[in-house]
Amino acid sequence: MLAPLPRASEIFVNTHQLVILTSITALLSISACDSGSDDAGLIADAGSEEDSTGDGDTETGETGEPEDPDSDQDGLTDAQEAELGTDPNKKDTDADNYWDSWELLEGTDPLDKASRIYQGFWPYSPTKNELPQGSWDTSTTEPLSPFPRAEFLDQHGDMVDIYDFNNFTINETGEPSYMIIDMSAQWCGPCHNMAEWISGADTAETASLQQTYPTVRDKVYSLRIWWITVIVEDAGGGPPTLSDAESWYSIHQDNHIPVLVDETQGVRNIYNGGQYPFFFLLDPNMAVEYWGVPGPGDNPFLALWFVEQYL
Ligand SMILES: [Ca+2]
Ligand SMILES: [Ca+2]
Ligand SMILES: [Ca+2]
């Protein structure tokens, strides 16, 4: 299990760290743009039987051998799999990253790798409905406030339920992934520099980032954290569209990174840090874990520092 992370408030009462933060703040407030705007279902649900214990076994099997076994524990019984033609001994018959029952639930074909929930191979969470749900009306920047439950267009044209990123455990560490939300604007040069860096480019513009956050890129590549770029403004400062995500992706090719479009500018309106790029950290339950607080923490890059130090 993960050691509990220090909360932002705990960090800022630690004088020693405050000094470090202050100097980092001074060092790094160099490259953010002003925005120019005001500153302001459980797996077993796929089957027809109850699974109140959530372990993938249907109730007939809770106290002994199941009458209708689910050998691969993918939420479909062997009998159902026989009917569907899926492999009863493989959770993900077509090896597209999505379990057979999830594909059934979402209407994609569990026998065809090209038919999958997300073209980008983003995670899928069958338990996302059980989380505390944020909304455009209730979500705030306060610690543990859940991110709005919303869908966003990605660079492949899929509508992505952001809650599918919760508690994704298939990574090197076997621990749940945190998420960095990278709020970027199409018009913002430093946002593109940041995207260059995180997608692997080592240039004169990205050297200081790599030097300051030497482990962050590796943590993205190992899926210790999900780096989620949300484009919040187009080239003219207006609402972005799919073409912004597509062009961003064509410039900064990186298959680890979802590029989402904030079409209604809801993300910008709730989380606007006053400058771009701006980063904040969500925990594996989609709640705000770390947000740059006013004063010495009023720095768009502090979430990266947090990842560097604690994850
Ligand atoms: Ca099964
Ligand atoms: Ca299966
Ligand atoms: Ca499939």
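Preceding block: the structure.
Residues numbered from 1 in each chain as written. Chains lettered and ligands numbered in written order. Predicted model: local features only at pLDDT ≥ 70, side-chain atom pairs only at ≥ 80, totals over all residues. Heavy atoms only, no water.

Asks: Any chance you could explain the coordination of the calcium ion (ligand 2) here in plain terms?
Replies: For a metal bound by four donors in a tetrahedral arrangement, the ideal donor-metal-donor angle is 109.5 degrees, while six donors in an octahedral arrangement ideally sit at 90 or 180 degrees. Ligation of the calcium ion (ligand 2) by protein atoms is provided by D72 (OD), D74 (OD), E81 (OE), E81 (OE), D87 (O), K90 (O) and D100 (OD), these donors lying 2.3 to 2.5 Å from the ion. In primary-sequence terms, the residues that donate to the calcium ion (ligand 2) follow D-x1-D-x6-E-x5-D-x2-K-x9-D. In this structure, the calcium ion (ligand 2) lies 4.1 Å away from the calcium ion (ligand 1), the two metals sharing D72 as a donor. Placement of D72 in the loop between β1 (33-34) and α3 (78-84) and of D87 in the loop between α3 and α4 (100-106) is noted, with a sequence separation of 15 residues between them. (Donors = N, O, S within 2.8 Å, 3.2 Å for Na, K, Ca; no water. Helix = DSSP H or I, 4+ residues; strand = E, 2+ residues; numbered from the N terminus.)

Asks: Explanation requested: the packing of aromatic side chains in the structure shown.
Replies: The way to describe two aromatic rings as a pair is by their centre distance and the angle between their planes. Counted under the stated rule, the structure contains 17 aromatic pairs. With a centroid separation of 5.2 Å and 40° between ring planes, the pair formed by W102 and Y124 is classed as tilted. In this pair, W102 sits in helix α4 while Y124 sits in the loop between α4 and β2 (151-153), placing the two residues 22 residues apart along the sequence. Across the pair, Y124 and W102 agree in class, each one buried. Arranged with centres 5.3 Å apart and planes meeting at 5°, the rings of F147 and Y271 form a pair that is stacked. Linking F147 in the loop between α4 and β2 with Y271 in helix α9 (residues 266-271), this pair joins segments that are 124 residues apart in sequence. (Phe/Tyr/Trp six-rings, centres within 6.5 Å; stacked < 30°, edge-to-face > 60°. Buried < 20%, exposed > 50% of the residue type's maximum accessible area, 1.4 Å probe, protein only.)

Asks: Would you explain the nonpolar core in this entry?
Replies: The tendency in soluble globular proteins is for nonpolar side chains to be buried side by side. Counting 44 residues, the largest nonpolar core has F147, M183, I228 and Y271 as the members making the most contacts within it. The set of elements that each furnish at least two residues to this core consists of β2, β4 (178-185), α5 (189-198), β5 (225-233), α8 (242-251), β6 (259-261), α9 and β8 (278-282). In terms of residue count, β5 provides more of this core than any other element does, five residues in total. Mapped onto the domain boundaries, this core takes at least three residues apiece from domain 1 (1-126) and domain 2 (130-310). Here I228 is in contact with I162, F165, M179, I180, I181, D182, P258 and L260, once residues within four sequence places are set aside. In this structure, L209, V220, I257 and L281 belong to the second largest nonpolar core, which totals 23 residues. (Core = buried A, V, L, I, M, F, W, Y, C linked by side-chain atoms within 4.5 Å. Domains from an automatic or database assignment. Contact = heavy atoms within 4.5 Å.)

Asks: What is the right way to look at the coordination of the calcium ion (ligand 3) in this model?
Replies: Protein coordination at the calcium ion (ligand 3): the donors are D94 (OD), D96 (OD), E103 (OE), E103 (OE), D109 (O), D112 (O) and S115 (O), at 2.2 to 2.5 Å from the metal. Sequence spacing of the donor residues for the calcium ion (ligand 3), all on one chain, is D-x1-D-x6-E-x5-D-x2-D-x2-S. On the basis of relative accessibility, which here comes to 11%, the residue D94 falls in the buried class.

Asks: Quick question: what am I supposed to make of the environment of N285 here?
Replies: Structurally, N285 is set in the loop between β8 and β9 (288-290). The exposure class assigned to N285 is partly exposed, which follows from its relative accessible area of 38%. Apart from the residues within four sequence positions on either side, N285 is in contact with L131 and N166.

Asks: What is the right way to read unusual backbone geometry from this model?
Replies: As a rule of thumb, non-glycine residues mostly have phi less than zero, and peptide bonds are mostly trans rather than cis. Note that the residue after Y276, namely P277, is joined by a cis bond; omega there is -5°. Residue placement: P277 occurs in the loop between β7 (275-276) and β8. A positive phi is found at Q265, a non-glycine position, where the angle reads about 60°. Note on Q265: relative accessible area 8%, which makes it buried. With phi around 70°, M286 is a residue other than glycine that occupies positive phi space. Position of M286 among the secondary structure elements: in the loop between β8 and β9.

Asks: What's the story with helix α10 (residues 302-310) in this structure? I'm lost.
Replies: Residues lying three or four places apart along an α-helix face the same way, a consequence of the helix completing one turn every 3.6 residues. Extensive coverage of α10 is indicated by the burial of seven of its nine residues. Taken as a whole, α10 has its buried residues at L302, A303, L304, W305, F306, V307 and E308.

Asks: Where do I start with the state of the cysteines in this structure?
Replies: Throughout this description, disulfide means a covalent bond between two cysteine sulfur atoms. For the structure on display, the rule yields one disulfide. Across a sulfur-sulfur distance of 2.3 Å, C188 and C191 are joined as a disulfide pair. One disulfide, between C188 and C191, carries an S-S torsion of 85° and so falls in the right-handed class. As far as the burial class goes, C188 and C191 line up, both buried. (Disulfide = S-S within 2.5 Å.)

Asks: Got a minute to help me understand the pattern of salt bridges in this structure?
Replies: Oppositely charged side chains may form a pair once their charged atoms are brought near each other. Applying the stated criterion across every chain, the model contains four salt bridges. The partner of D202 in a salt bridge is R217, and the shortest N-O contact between them spans 3.0 Å. Of the two residues, D202 sits in the loop between α5 and α6 (207-212) while R217 sits in helix α7 (residues 216-221), which places them 15 residues apart along the sequence. Here D202 falls in the exposed class, since its relative accessible area comes to 57%. A salt bridge links E233 to R268; the shortest N-O distance between them is 3.2 Å. Taken together, the positions of E233 in strand β5 and R268 in helix α9 put the pair 35 residues apart, joining distant regions of the chain. With relative accessibility at 2%, the residue E233 sits in the buried group. By relative accessible area, R268 is classed as buried at 17%. (Salt bridge = Lys/Arg side-chain N within 4 Å of Asp/Glu carboxyl O.)

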